[in-house]
Amino acid sequence: MTKQTVLTGITTTGTPHLGNYVGAIQPAIQASHDSNVSAFYFLADYHALIKCQEPSHVHQSSQEIAATWLALGLDTDNAVFYRQSDVPEIMELAWILSCVTSKGLMNRSHAYKASVAANEKKGETDPDKGITLGLFNYPVLMAADILMFNAHKVPVGKDQIQHIEMARDIAGRFNHVYGKHFVLPEAIIGEDSAILSGLDGRKMSKSYNNTIPMFLPEKKFRKLIMKIKTNSLEPGEPKQVEGCTLFSIYKAFATEEQTDEVRKRYAAGIAWGEMKQYLFEHLNNHLKEPREHYDELMLQPDKVEQVLQQGAEKARMVSAPFLQEIRQAVGIRAISTVG
Ligand code: TRP
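Here's a quick rundown of the structure. Keep in mind that what you see is a predicted model, and the values were worked out from it rather than measured.

### Considerations on the overall build of the protein
Along its length, the protein carries 13 helices and five strands. In terms of C-alpha radius of gyration, the protein reaches 23 Å, essentially the compact-globule figure of 20 Å for 339 residues. Summarising its shape, the C-alpha atoms of the protein cover approximately 85 × 50 × 40 Å along the three principal directions. Within the protein, the proportion of its 339 residues that are buried is 45%. Within the protein, residue pairs in contact and separated by at least 24 positions form 77% of the contacts whose partners lie at least 6 positions apart.

### Looking at the nonpolar core
Ranked by internal contacts, the top residues of the largest apolar core, which has 55 residues, are L18, W69, I212, I249 and Y266. Among the elements that line this core, the one with the most residues is helix α12 (residues 272-298), at eight residues. Within the second largest apolar cluster, 44 residues are counted, among which are V80, A94, A143 and M148.

### Brief notes about helix α8 (residues 161-178)
When the terminal C-alpha atoms of α8 are compared, their 26 Å separation across 18 residues agrees well with the 26 Å that a helix rising 1.5 Å per residue should span. Two residues or fewer past α8, G179 is found with a positive phi of approximately 100 degrees.

### Side note on unusual backbone geometry
Positive phi, close to 45 degrees, is recorded for N150, a residue that is not glycine. Taking relative accessible area as the criterion, N150 reaches 18% and is therefore assigned buried.

### Section: the packing of aromatic side chains
A complete count under the given rule lists 16 aromatic pairs for this structure. With 5.6 Å between their ring centres and 90 degrees between their planes, F182 and F322 make a pair best called edge-to-face. Of this pair, F182 sits in the loop between α8 and β5 (186-189) while F322 sits in helix α13 (residues 301-330); the two residues are 140 residues apart in sequence, bridging distant segments of the chain. The exposure classification of F182 matches that of F322, with both residues buried. Ring geometry for Y266 and W272: centres 5.7 Å apart, planes at 70 degrees, overall edge-to-face. When sorted by exposure, Y266 lands in the same class as W272, which is buried. Members of the aromatic cluster, connected to one another through ring pairs, are F40, F42, Y82 and F149.

### Description of the site of the ligand
Near the ligand lie 14 residues; those nearest to it are H47, Y138, M142, D145 and Q160. Between H47 and the ligand, the recorded distance is 3.4 Å, taken from a side-chain N or O atom to a nitrogen atom. In the environment of the ligand, a nitrogen atom lies 2.8 Å from a nitrogen or oxygen atom belonging to the side chain of D145. In isolation the ligand has 360 Å² of accessible area, and contact with the protein removes 88% of it. Broken down by secondary-structure element, the contributors of at least two residues to the shell around the ligand are β1 (4-11), β2 (37-44), α7 (133-147) and β4 (153-156). By residue class, the composition of the shell around the ligand is eight nonpolar, five polar and one charged.

Parameters at a glance
- Residues numbered from 1 in each chain as written.
- Predicted model: local features only at pLDDT ≥ 70, side-chain atom pairs only at ≥ 80, totals over all residues.
- Heavy atoms only, no water.
- Helix = DSSP H or I, 4+ residues; strand = E, 2+ residues; numbered from the N terminus.
- Rg over C-alpha atoms; globule rule 2.2 N^0.38 Å.
- Buried < 20%, exposed > 50% of the residue type's maximum accessible area, 1.4 Å probe, protein only.
- Contact = heavy atoms within 4.5 Å.
- Core = buried A, V, L, I, M, F, W, Y, C linked by side-chain atoms within 4.5 Å.
- Expected span 1.5 Å × (residues − 1).
- Phe/Tyr/Trp six-rings, centres within 6.5 Å; stacked < 30°, edge-to-face > 60°.
- Near = heavy atom within 4 Å.
- Polar contact = N/O pair within 3.5 Å; in protein donor to acceptor, adjacent residues only side chain to side chain.
- Areas by Shrake-Rupley, 256 points an atom, 1.4 Å probe, with all protein chains shown as cover.
- Nonpolar A, V, L, I, M, F, W, Y, C, P; charged D, E, K, R; others polar.

Okay, structure coming up:
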């Protein structure tokens, strides 16, 4: 059996947090050690421009995300780890794909529709006010990211399922017109248990501003853990684990035995202050070593850059010849092979 290609992108706007780790980073890193999987992971920096026009922010986020993945043990010998903008074939493919993509398909994109709905709600006369072509076309760029490497499986959050379906549609359309060149990708959706609650109990997400960053200095990290919202049950009163943010975070980082142990302590009425301290110590033990590695990497941007360059080189060994094949297929080729 040929290896399955797994591919995913991380938009470079923001600092990785515990929710990203549990939902995406940890499973991806695990897969990077599996020699039956051919993994492609990339920093989606051109996607960042859709949401963020703060150059220093896009740049800083790329550095932080790359350092995070490396500090957590990504196997860059087995997985190809690169920056989207270092693989120019992707942008070229995006254009070619946009020429087989119907505008109507893009009209139906949730991200675009949500922006239109927001304008209508505000009573704007122009429903497209402030909406860029970048936002509108974004599913095509994402299709190019995926199809460039003929990914079979694409691990993403639920909000991205539609984009993978669009990539399939676009691939199918291209194959129909020009012959079979692209694999039809499939989304892999993490389990619900992989969704972590944030400081306020809602899903941990940048957009709710309730995240716990992965690699804060120890003191700040402890402070944030102490801020996690709980109910007002007193020490000694039995407590529920269901719906408890402290428990959900603990569970994501603990073995089954450890989790059972804490379940018992809830039933026995552990005090919230004590549980918070316990959670802090447990997480801190997990994160201490990678945090040190991360801090080192953040001081060695050359090293991180070098890893990304090597990744881009590997990626282009695939993308450059494949793009030639696609150009040939659509009739973009030399007039004559002589000379
Ligand atoms: N749009 C994705 C997100 O916001 C990130 C992304 C960009 C991506 N290109 C991709 C994910 C290709 C999977 C495959 O989460």
